[in-house]
Amino acid sequence: MSSSDSIAVRTQSPASSVDQAAIRGITNTIGSNSCFLNCAVQALWNLDPFRVSFVLLKSHECTEGSCIFCAFTELASNYQFHEQGPINPDVLREALAAKYHDANKFQIGFMEDAAECFEGILYNLHVSLTSEISSDGCTGDLCISHRLLSMSIIEQDVCGCGATSEPLSFDQYIYYVSAASVVETFHLDRTRTFAHVLKASTRFKKQCPNEKSKCKATANVSVSLVDKPDVFCVGFAWPNDITEVEFIETLMNCIEDEIDLDEVFDNVASTTNNVFKLVGIMVYYGHHYFTFFFHSGIHKWLLYDDASVKEIGTKWKEVKQNLIKGKYQPLVLLYCNPSPDKVFSKDKKISESFE
């Protein structure tokens with residue numbers, strides 16, 4: 001299949017339209033350089049917990065002319081009710097450009113990073129839903145950015161002598177790791193799970209945190225996940241323009257379609273449903289971004305490349321082979337809780353806040 005026209009897009013009633021993601025490409029006209037935005041939008045829209053929750057939200061603090069919430073709401077409506085064919089992202093592109101004008105980010109016609117755009121959309125939704133500029137420690141019941149995708153993490157240096165550093169608390173939407181470090185770690189032991197490789201690639205030995213002691217032992221970094229999201233995102237930091245097939249193949253062979261958070265973190269506050277399924281991957285190749293996503297309605301992996309939508313297959317290995325063959329660089333992996341417990345529903349008490 002070569003385009004979105006190749007996939008039958010079902011006509012959906014408003015009552016059921018968000019249960020399964022409407023399949024739409026997104027236009028990227030010559031000179032607009034909007035592939036990074038299209039990649040981020042497709043990732044968010046196809047995340048079932050995010051989509052189902054977002055359409056239930058009504059009230060927000062609007063910033064006219066640069067309101068990301070209003071712009072994404074319009075795109076969501078176009079996804080659901082637009083006639084067959086790709087949708088236009090200009091309303092969100094213009095809102096982002098206005099919002100980040102002073103920072104000279106996401107400006108019309110200029111290429112940006114898809115992962116940064118993904119995080120920027122989530123941050124601005126947080127601001128609209130909570131009226132809080134700070135993103136750390138958000139406890140807003142209606143903030144889907146934090147409720148569904150944000151990790152609350154505590155890091156602490158722990159020495160064998162018993163000394164510990166002050167705990168460092170922070171929130172993040174994406175768990176970043178060096179692609180080179182992952183490949184190097186996987187080369188050392190190819191029997192490790194991807195989760196174990198992630199953990200080994202992000203733990204570095206440090207000096208004893210007790211500066212007054214003469215302890216010569218090394219301290220380990222303990223990382224605890226104190227608030228588990230329904231979506232766990234892993235981001236890769238790439239060395240400059242590495243596109244060797246062997247490197248990409250090794251990385252793709254390390255990535256698995258399941259991840260156990262108990263193997264990534266030293267401690268996880270939740271003791272149940274900690275094994276997440278891979279549902280999406282944001283990809284980069286040759287100054288172009290696109291998205292692979294597993295569609296829960298038709299049970300197939302789809303490739304969203306601007307206006308084009310292609311069926312890849314039913315298995316993760318088919319996506320993996322596609323990435324290796326094309327020398328595509330994975331940017332962000334999206335793992336989802338198979339039994340999400342933070343999704344908004346009209347059947348839950350939180351629905352009272354929507355009235």
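Residues numbered from 1 in each chain as written. Predicted model: local features only at pLDDT ≥ 70, side-chain atom pairs only at ≥ 80, totals over all residues. Heavy atoms only, no water.

Between its terminal C-alpha atoms helix 5 (residues 114-130) stretches 24 Å, which fits the 24 Å expected from 17 residues at 1.5 Å a residue. In terms of residue burial, helix 5 counts as a mostly covered element, since 14 of its 17 residues are buried. For helix 5, the N-terminal cap is Asp-113; the gap from its side-chain oxygen to the backbone nitrogen of Ala-115 is 3.0 Å. Trailing helix 5 by a residue or two, Ser-131 shows a phi angle of about 60 degrees, which is positive. (Helix = DSSP H or I, 4+ residues; strand = E, 2+ residues; numbered from the N terminus. Expected span 1.5 Å × (residues − 1). Buried < 20%, exposed > 50% of the residue type's maximum accessible area, 1.4 Å probe, protein only. Polar contact = N/O pair within 3.5 Å; in protein donor to acceptor, adjacent residues only side chain to side chain.)

A separate point is the packing of aromatic side chains. A complete count under the given rule lists 17 aromatic pairs for this structure. Pairing Phe-36 with Phe-106 gives two aromatic rings, centres 6.1 Å apart and planes at 20 degrees, and the pair type is stacked. Placement of Phe-36 in helix 1 (residues 35-46) and of Phe-106 in the loop between helix 4 (90-99) and helix 5 is noted, with a sequence separation of 70 residues between them. The pair Phe-36 / Phe-106 is uniform in exposure class, with both members buried. (Phe/Tyr/Trp six-rings, centres within 6.5 Å; stacked < 30°, edge-to-face > 60°.)

What follows concerns the nonpolar core. In terms of nonpolar packing, the biggest core is built from 59 residues, with Phe-50, Leu-92, Phe-118, Ile-121, Leu-149, Met-282 and Leu-334 touching the most fellow members. In terms of residue count, helix 1 provides more of this core than any other element does, nine residues in total. Of all hydrophobic cores here, the second largest spans 47 residues; its members include Val-197, Phe-236, Leu-303 and Val-319. (Core = buried A, V, L, I, M, F, W, Y, C linked by side-chain atoms within 4.5 Å.)

Looking now at the pairing of strand 13 (residues 329-336). For strand 13, a buried count of eight out of eight residues is recorded, marking the element as mostly surrounded by other parts of the structure. Sheet analysis places strand 6 (residues 231-237) next to strand 13, joined by five bridges and oriented antiparallel. Its bridge partner being in strand 13, Phe-232 is matched across the sheet by Tyr-335. (Pairing = 2+ DSSP bridges.)

The subject of this paragraph is the environment of Val-226. Structurally, Val-226 can be placed in strand 5 (residues 218-227). The class of Val-226 is partly exposed, set by a relative accessible area of 41%. Spatially, the C-alpha atoms of Val-226 and Ile-154 are 7.2 Å apart, while their sequence positions differ by 72 residues.

Next up on the list: the packing of helix 7 (residues 179-188) against helix 8 (residues 194-201). Packed helices, taken two at a time, are described by the angle their axes make and the gap between the axes. The interhelical angle for the contact between helix 7 and helix 8, taken along N-to-C directions, is 115 degrees, at an axis separation of 9 Å. Relative to helix 8, the crossing made by helix 7 is right-handed. Judged by residue contacts, Ser-181, Val-182, Thr-185 and Phe-186 of helix 7 engage Phe-194, Val-197, Leu-198, Ala-200 and Ser-201 from helix 8. Broken down by class, the residue content of the contact of helix 7 with helix 8 amounts to six nonpolar, three polar and no charged. (Axes fitted to C-alpha atoms, helices over the stretch in contact; angles between N-to-C directions. Left-handed = near helix turned anticlockwise from the far one by under 90°. Contact = heavy atoms within 4.5 Å. Nonpolar A, V, L, I, M, F, W, Y, C, P; charged D, E, K, R; others polar.)

Take the packing of helix 9 (residues 245-254) against helix 11 (residues 316-326) next. Interaxial distance between helix 9 and helix 11 falls to 9 Å at its minimum, and their mutual angle equals 165 degrees. Taken together, the axes of helix 9 and helix 11 are roughly antiparallel relative to one another. As helix 9 runs across helix 11, the sense of the crossing is right-handed. Here Val-245, Ile-248, Glu-249, Met-252 and Asn-253 of helix 9 lie close against helix 11, whose contacting residues are Trp-316, Lys-320, Leu-323 and Ile-324. Class assignment for the residues of the contact of helix 9 with helix 11 results in six nonpolar, one polar and two charged. (Parallel < 35°, antiparallel > 145°, perpendicular 65-115°, else oblique.)

For the rest of this paragraph, the subject is the side chain of Asp-306. Examined against the element boundaries, Asp-306 turns out to sit in the loop between strand 11 (300-305) and strand 12 (308-313). One buried charged residue, Asp-306, remains without a salt bridge, the closest side chain of opposite sign being Arg-93 at 9.5 Å. In this structure the side chain of Asp-306 is engaged in a polar contact, spanning 2.8 Å, whose partner is the side chain of Asn-38. Contacts of Asp-306, omitting those with residues within four sequence positions, involve Gly-25, Ile-26, Asn-28, Cys-35, Asn-38 and His-288. (Lys, Arg positive; Asp, Glu negative; His and termini not counted. Salt bridge = Lys/Arg side-chain N within 4 Å of Asp/Glu carboxyl O.)

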